[in-house]
Amino acid sequence: MALASPWSREIAAGLSTLGHEVHVVDFGEPPSAAAYLAASDSDQSEAIGHLRERGVVVHRIHTRWKSRVRYVAGAPALARIARSVDADVILTLYGGGFATLALASLVRPYAVYVVGSDVLAVRGLGRRLAGFALEQAARVFANGGFLAARTRELAPSADVRDLCIGIDPDAFAPADHDVAVPRAVSTRGFLPVYNNQFLIEGLAARGRGLAPVPVVFVSKGPELDAVRSLADRALAPAQRSAVKFLGGVGWVRLRDELRRSQIYVSLSTSDGTSVSLLEALATGLFPILSDIPQNREWISEEAANGLLVPLDNPKALAEAIDRAVGDRALREKAASYNRRLVRERADARKNLSLLARDLAALATASRAGKQQPPKG
């Protein structure tokens, strides 16, 4: 897994808390592709250090490659680590390169947790390799129903299970909706898939003379400067002054920013079940989301628990923002519904137990198979 990934760290720590011996393996050097988060960042480094306090052992693979070749070149090192700790099963927290790494290591059994772009964004030869790695896995866990269906299309013979790991709902307190000026927050990284510039376009499309909407962009990423420059050019001075870019924060500050807000905006062009969305729903924020199948699993017109907007219509986004800002009753009703929804479908304490049970069954079946005498 990527040590810089907060949701991956929570899964590793959660499995350790359940009493399992957990060893995390990641590369020692950053990849060549631009990343949203880096393990070397101060906040990430501190959180990685806390993994050890939570009973997780960290291993690093070192290779001179920073391209996708690393996932094959690093396979012997992964195999050595697995043998040294007598691993019962490998779980990759992401498909794509990490699934290829597990495949090439020849360590069996291995399972894969797919989360979004590792299935939805693969093309060409990479798609064929990704499908093969998933089909060779003992089990594939998919982060949501839509993603599970697409994974079956990619890897028809794979054993795919729909399992949203989710979050700890108790870690998030409800936001206060009794405020004079509601505040919107975006916690998505500044990568093309997260489409943060569209929120700026939506703010720019609001009617003249309307009061500015306070907006906070929490995260960092390669497109941060470009989106900030767009805000400088496109927004009226009053609205521009109300838009803040924090440039990346630690988890405690992120949670505080959620609690200070009333509206959550995510306009991603593709997704799995977003951990960022679940955190916002657990906090009771009113969601304004891109109208994509993954978000329709959580937000519906019938439930009135959020608003879905098309990705090609800034005016529709502006209208959604104004509706959310102006309707406190709508926000409060959605907040109650969404907090229950997270507890029912995305409580990590319950769902991690299901993951651990399945992994233990795979390990038991593998040991039994190895002990059977050869046929003939």
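Placed above this text is the structure.
Residues numbered from 1 in each chain as written. Predicted model: local features only at pLDDT ≥ 70, side-chain atom pairs only at ≥ 80, totals over all residues. Heavy atoms only, no water.

**Student:** Lay out the pattern of salt bridges in plain terms, naming residues and giving numbers.
**Tutor:** A full pass over the atoms with the stated rule returns 22 salt bridges. Between Asp358 and Arg161 there is a salt bridge, with the nearest N and O atoms lying 3.3 Å from each other. Here Arg161 lies in strand β6 (residues 160-162) and Asp358 lies in helix α17 (residues 348-371), a separation of 197 residues in the sequence. One salt bridge in this structure joins Asp322 and Arg206, with 2.7 Å as the shortest N-O distance. Note that Asp322 is positioned in helix α15 (residues 314-326) and Arg206 in the loop between α9 (197-204) and β8 (215-217), a separation of 116 residues in sequence. Using a relative accessible area of 12% as the deciding quantity, one classes Arg206 as buried. Taken together, the shared-partner salt bridges connect Arg139, Asp159, Arg161, Arg357 and Asp358 into one network. (Salt bridge = Lys/Arg side-chain N within 4 Å of Asp/Glu carboxyl O. Helix = DSSP H or I, 4+ residues; strand = E, 2+ residues; numbered from the N terminus. Buried < 20%, exposed > 50% of the residue type's maximum accessible area, 1.4 Å probe, protein only.)

**Student:** Describe the pairing of strand β5 (residues 139-142), listing the residues and the values that go with them.
**Tutor:** Taking every second residue as pointing to the same face, both faces of β5 are buried, with Arg139 and Phe141 on one and Val140 and Ala142 on the other. Bridging between strand β4 (residues 110-114) and β5 involves four bridges; their strand directions are parallel. If you follow Val114 over to β5, its bridge partner there is Ala142. As judged from the three bridges shared by β5 and β6, these two strands associate in the parallel manner. (Pairing = 2+ DSSP bridges.)

**Student:** Just give me the short version of the sheet that holds strand β11 (residues 286-290), but keep the residues and values in it.
**Tutor:** One key point about sheets: their strands pair by backbone hydrogen bonds, in either a parallel or an antiparallel sense. Strand order in this open sheet of six strands is β9-β8-β7-β10-β11-β12, and the pairing throughout is parallel. Two strands bound the open sheet, and with one partner strand each, they are β9 (243-245) and β12 (307-309). Averaged over all neighbouring strand pairs, the angle between strand axes comes to 20 degrees, with direction disregarded. (Axes fitted to C-alpha atoms, helices over the stretch in contact; angles between N-to-C directions.)

**Student:** Which residues make up the environment of Trp65, and what are the values?
**Tutor:** By secondary structure assignment, the location of Trp65 is in the loop between β2 (56-61) and α3 (70-73). Judged by its relative accessible area of 32%, Trp65 falls in the partly exposed class. Separated by 33 residues in sequence, Trp65 and Ser32 place their C-alpha atoms 8.7 Å apart. Apart from the residues lying within four places of it in its own chain, the contact partners of Trp65 are Arg70 and Ala73. (Contact = heavy atoms within 4.5 Å.)

**Student:** Mind laying out the packing of helix α13 (residues 275-283) against helix α16 (residues 328-345), listing which residues take part and the relevant values?
**Tutor:** For the pair α13 and α16, interaxial distance at closest approach is 7 Å and the crossing angle is 125 degrees. When the axes of α13 and α16 are compared, the pair comes out oblique. For the crossing formed where α13 meets α16, the hand is left-handed. Of the residues in α16, those touching α13 at Leu278, Leu281, Ala282 and Thr283 are Asn338, Arg339 and Val342. (Parallel < 35°, antiparallel > 145°, perpendicular 65-115°, else oblique. Left-handed = near helix turned anticlockwise from the far one by under 90°.)

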